[in-house]
Amino acid sequence: MIEIKSQARSHFVGYLGVKNYSEIEKNLILPTVRKFFEVRGIHVFKPINEQAAISDLDFNRKKFDNFFAHFYDFIVSDINKNGDDVEAIVKYCITLDETNCSKTCEKTQIRYDEILLFDQPVFYFIYVDIKDIFASLRSVTIVDFKK
């Protein structure tokens, strides 16, 4: 399994090390993700644990050999067989790298890519433009604690 590093420098590399990203999550990321999955009829989804080594800024390159095997183990860890049915919680990761997202959703215009288990999606990269993140950061009300 992927080693979890709670001391990672940032929650997600793509948020550029912003320590309090709750406003970005609330105002930009979650609405984008909900909109994306809603048009696909996917109602159960969750983000991958981004404190895992897959996004750790001080990732140890010496252990990179087994990275993708661990990455896929992490993605498929919640896939279960229930009788003849396969149950999977779809996982996603926000990315700022457009090259990770070769597809565009026709209904939402959100860029993405996916990993399928046969024909069932199990993982999505969802692209968020860095300009949208900066706009979200600028829209946060600044509180003056000197008062």
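As shown above, the structure is provided for reference.
Quantities reported herein were computed from a predicted structural model and do not represent experimental measurements. (Residues numbered from 1 in each chain as written. Predicted model: local features only at pLDDT ≥ 70, side-chain atom pairs only at ≥ 80, totals over all residues. Heavy atoms only, no water.)

Visitor: Explain the overall build of the chain to me, please; I cannot follow it from the model alone.
Guide: Secondary structure summary: the chain contains three helices and seven strands in total. Going from N to C terminus, the chain has its helices and strands arranged as α-β-α-β-β-β-β-β-β-α. Of all 147 residues assigned to the chain, the portion counted as buried reaches 33%. In the chain, 69% of the contacts between residues at least 6 apart in sequence involve partners at least 24 apart. As displayed, the chain offers around 9700 Å² of accessible surface, 52% of which is attributable to carbon and sulfur atoms. (Helix = DSSP H or I, 4+ residues; strand = E, 2+ residues; numbered from the N terminus. Buried < 20%, exposed > 50% of the residue type's maximum accessible area, 1.4 Å probe, protein only. Contact = heavy atoms within 4.5 Å. Areas by Shrake-Rupley, 256 points an atom, 1.4 Å probe, with all protein chains shown as cover.)

Visitor: Hey, could you run me through the packing of aromatic side chains in this one?
Guide: We describe a pair of aromatic rings using the distance from one ring centre to the other and the angle between the two ring planes. Following the criterion strictly, the structure yields nine aromatic pairs and no others. On the basis of an interplanar angle of 55° and a centroid distance of 6.0 Å, the ring pair of Y112 and Y124 is categorised as tilted. You can see Y112 sitting in strand β6 (residues 111-117) and its partner Y124 sitting in strand β7 (residues 120-127), a full 12 residues away along the chain. Judged by its relative accessible area of 10%, Y112 is buried. An aromatic cluster of at least three residues, connected via ring pairs, comprises F36, F37, F45, Y92, Y112 and Y124. When the ring centre of Y112 is taken as origin, the NZ or CZ atom of R40, which lies over that ring, is 4.4 Å away. (Phe/Tyr/Trp six-rings, centres within 6.5 Å; stacked < 30°, edge-to-face > 60°. Lys NZ or Arg CZ within 6 Å of the ring centre and 35° of its normal.)

Visitor: Got a minute to help me understand unusual backbone geometry in this structure?
Guide: If a residue is not glycine, its phi is most likely negative; likewise, a peptide bond is most likely trans. Unlike most non-glycine residues, Q109 shows phi in positive territory, near 65°. Along the chain, Q109 turns up in the loop between β5 (103-104) and β6.

Visitor: It is not clear to me how the pattern of salt bridges should be interpreted in this structure. Could you clarify?
Guide: Between side chains of opposite charge, a pair can form as their charged atoms come close. Counted under the stated rule, the structure contains five salt bridges. The salt bridge involving D113 is made with K103; its shortest N-O contact spans 3.7 Å. Of the two residues, D113 sits in strand β6 while K103 sits in strand β5, which places them 10 residues apart along the sequence. Judged by relative accessible area, K103 falls into the partly exposed class, the value being 29%. Taken together, the salt bridges that share partners define one network made up of K46, D78 and K91. (Salt bridge = Lys/Arg side-chain N within 4 Å of Asp/Glu carboxyl O.)

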